[in-house]
Amino acid sequence: MAVSTRSSAKDEGTLPKGRITNNLAVTLSGIFLYICSPFFAHPPKVVANILCGAPYADAYLHFRRDHQGTLNLFLHCCILCLQVTCNFAFLEQVDVDFDVVKVAGVGLATATVAMWLALLMLTPSPLVVKAVAAPVVLAGYYVRSSVAGAAFSHLIHLQPFLDTLVYIYFVKKPLTLALYVLVFGIRLLLHYTAITHAQGILMSYLSGENGVKLALGFVAFAAFLSHKPFTKPASGVFGIGVLFGWPLAVMTVKPVVFLWASGFIATALQGVSHRETKEPPTMPHLANISNELAHSTFFPCLLLQACLAQITGSDKE
């Protein structure tokens, strides 16, 4: 697939449009896209992309335009592994916490891997791209239980390292070693203070019917913040996930909350990668929700196809 890889702010007006026009479809698709972080896959999002997402060719044009550097692509590959792993661990924890298999007959994790893989395999991406994308997705699916089980024993203690990068990114300060050490020290202090003095303090409110009501209320609030999140303070659901996800997980001792928030951290790390490699981020510059759906749902194939093109030089003008 030959595409132009020139990047310009003027390009946006000439890029292919997505195909959503119905207001209700726009609203629901936006909620499905952002409520679990934009790069997490789940059945409603896959269905939304099938019905409303932009074509793969358009998504690749957008993606390759903003991912031309080898370092940026490498960092995105690392982030893809983090996203896929946390994605399926989150869905597995939802399955366990809400007994999804008993209610629906199939778990969210299993339904997602089947639907997502089918969609990725039907893209017009090169065969070698699909041959690599499938094992990456399947690996995340097969380690989901282990990762979910390690959320509080191991993963949460690694969070300060990643959070520090994200916090520096959000305050738009240059990333230097001195600033990283300072912010990391503060984040680490908050981390162990929360674990020592606040762990489990909200557990008593989560039992029985009261817990169900609070869970539904949280989902409704997250859904509200997921509709046009960048028009809301702290970027809507992003701010809640990045800033308050881990403390809420500690206070409730709910791995599902921590894994949900990890999706927003991983997404923000993509922004860090773009800023440090001086390439524009794609999501904020896409024309509509159709393009955003396609970009985030096809992400594994888009990234791997861009890596292939980088190695072979196949789409350079």
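Look up: the structure comes first, before these words.
One structure accompanies this document, and this report is about it. (Residues numbered from 1 in each chain as written. Predicted model: local features only at pLDDT ≥ 70, side-chain atom pairs only at ≥ 80, totals over all residues. Heavy atoms only, no water.)

Time to look at the overall build of the protein. Of the regular secondary structure elements, the protein holds 15 helices and zero strands. Scaling as 2.2 N^0.38, a compact globule of 317 residues should have a C-alpha radius of gyration of about 20 Å, and the protein matches this with 19 Å. Seen through its principal axes, the protein has C-alpha atoms that stretch 60 × 50 × 35 Å. For the protein, the proportion of its 317 residues judged to be buried stands at 51%. A separation of at least 24 residues holds for 79% of the contacts in the protein among residues at least 6 apart in sequence. Accessible surface computed for the protein: about 14,700 Å², of which carbon and sulfur atoms make up 71%. With 20 positive and 15 negative side-chain charges, the protein shows a separation of 4 Å between the mean positions of the two kinds. (Helix = DSSP H or I, 4+ residues; strand = E, 2+ residues; numbered from the N terminus. Rg over C-alpha atoms; globule rule 2.2 N^0.38 Å. Buried < 20%, exposed > 50% of the residue type's maximum accessible area, 1.4 Å probe, protein only. Contact = heavy atoms within 4.5 Å. Areas by Shrake-Rupley, 256 points an atom, 1.4 Å probe, with all protein chains shown as cover. Lys, Arg positive; Asp, Glu negative; His and termini not counted. Charge placed at Lys NZ, Arg CZ, Asp CG, Glu CD.)

Counting residues in hydrophobic clusters, the biggest one holds 86 residues, and the most contacted among them are F88, F90, W116, V237 and F298. Top contributing element to this core by residue count: helix 13 (residues 255–277), with 12 residues. Not counting the four nearest positions on each side in its chain, V237 is found in contact with Y34, I35, A222, L225, S226, P229, W260 and F264. (Core = buried A, V, L, I, M, F, W, Y, C linked by side-chain atoms within 4.5 Å.)

Let's shift gears to the pattern of salt bridges. Applying the stated criterion to the full structure yields five salt bridges. Between D66 and R65 there is a salt bridge; the shortest N-O distance is 2.8 Å. Note that K213 is salt-bridged to E209, the shortest N-O span being 3.4 Å. One end of the pair is K213 and the other is E209, both in helix 11 (residues 208–226) and four residues apart, which spans about a single turn. On the accessibility criterion, E209 (59% relative accessible area) is exposed. (Salt bridge = Lys/Arg side-chain N within 4 Å of Asp/Glu carboxyl O.)

For the rest of this paragraph, the subject is the packing of aromatic side chains. Summed over all chains, the structure comprises 15 aromatic pairs. Between W260 and F264 the ring centres are 5.1 Å apart and the planes differ by 70°, which places this aromatic pair in the edge-to-face class. Taken together, the residues span about one helical turn, with W260 and F264 both in helix 13 at a distance of four residues. Neither W260 nor F264 differs from the other in exposure class; each is buried. In textbook terms, an aromatic cluster arises when at least three aromatic residues are bridged by ring pairs, as seen for Y34, F218, F230, F238, W260 and F264. Against the face of Y141 rests R144, its NZ or CZ located 3.9 Å from the ring centre. (Phe/Tyr/Trp six-rings, centres within 6.5 Å; stacked < 30°, edge-to-face > 60°. Lys NZ or Arg CZ within 6 Å of the ring centre and 35° of its normal.)

With that settled, consider helix 14 (residues 289–297). Of all nine residues in helix 14, nine are buried; the element is thus mostly enclosed. Looking at helix 14, one finds that the buried residues are I289, S290, N291, E292, L293, A294, H295, S296 and T297. Here the buried face of helix 14 lies against helix 1 (23–34), helix 2 (43–52), helix 3 (56–66), helix 6 (108–121) and helix 15 (299–312). Capping the start of helix 14 is the job of one residue whose side-chain oxygen sits 3.2 Å from the backbone nitrogen of S290: N288. (Polar contact = N/O pair within 3.5 Å; in protein donor to acceptor, adjacent residues only side chain to side chain.)

What follows deals with the side chain of K130. Take K130: it is sitting in helix 7 (residues 127–142). Buried charged residue K130 carries no salt bridge. Nearest counter-charge: D58, at 17 Å. Within the structure, the side chain of K130 is placed 3.1 Å from the backbone oxygen of M121, a separation counted as a polar contact. Contacts of K130, omitting those with residues within four sequence positions, involve L120, M121, T123, S125 and P135.

Let us now look at the packing of helix 2 against helix 6. Orientation of helix 2 relative to helix 6, taken along the N-to-C sense of each, is 25°, at an axis distance of 9 Å. With respect to each other, helix 2 and helix 6 are oriented roughly parallel. As for the relative orientation of helix 2 and helix 6, their crossing is left-handed in sense. Contacts between helix 2 and helix 6 involve P43, V46, V47, N49 and I50 from the first element and L108, A111, T112, M115, W116 and L119 from the second. Here the contact of helix 2 with helix 6 is composed, by residue class, of nine nonpolar, two polar and no charged. (Axes fitted to C-alpha atoms, helices over the stretch in contact; angles between N-to-C directions. Parallel < 35°, antiparallel > 145°, perpendicular 65-115°, else oblique. Left-handed = near helix turned anticlockwise from the far one by under 90°. Nonpolar A, V, L, I, M, F, W, Y, C, P; charged D, E, K, R; others polar.)

Before going further, it helps to spend a moment on unusual backbone geometry. One non-glycine residue with positive phi stands out, namely D99, at about 50°. Position of D99 among the secondary structure elements: in the loop between helix 4 (70–97) and helix 5 (100–104). With relative accessibility at 38%, the residue D99 sits in the partly exposed group. If you check the backbone angles, K278 has positive phi at about 60° while not being a glycine. Along the chain, K278 turns up in the loop between helix 13 and helix 14.

Moving on to the environment of M251. Examined against the element boundaries, M251 turns out to sit in helix 12 (residues 237–252). With sequence-adjacent residues up to four places away left out, M251 is seen in contact with A198, G200, I201, L202 and M203.

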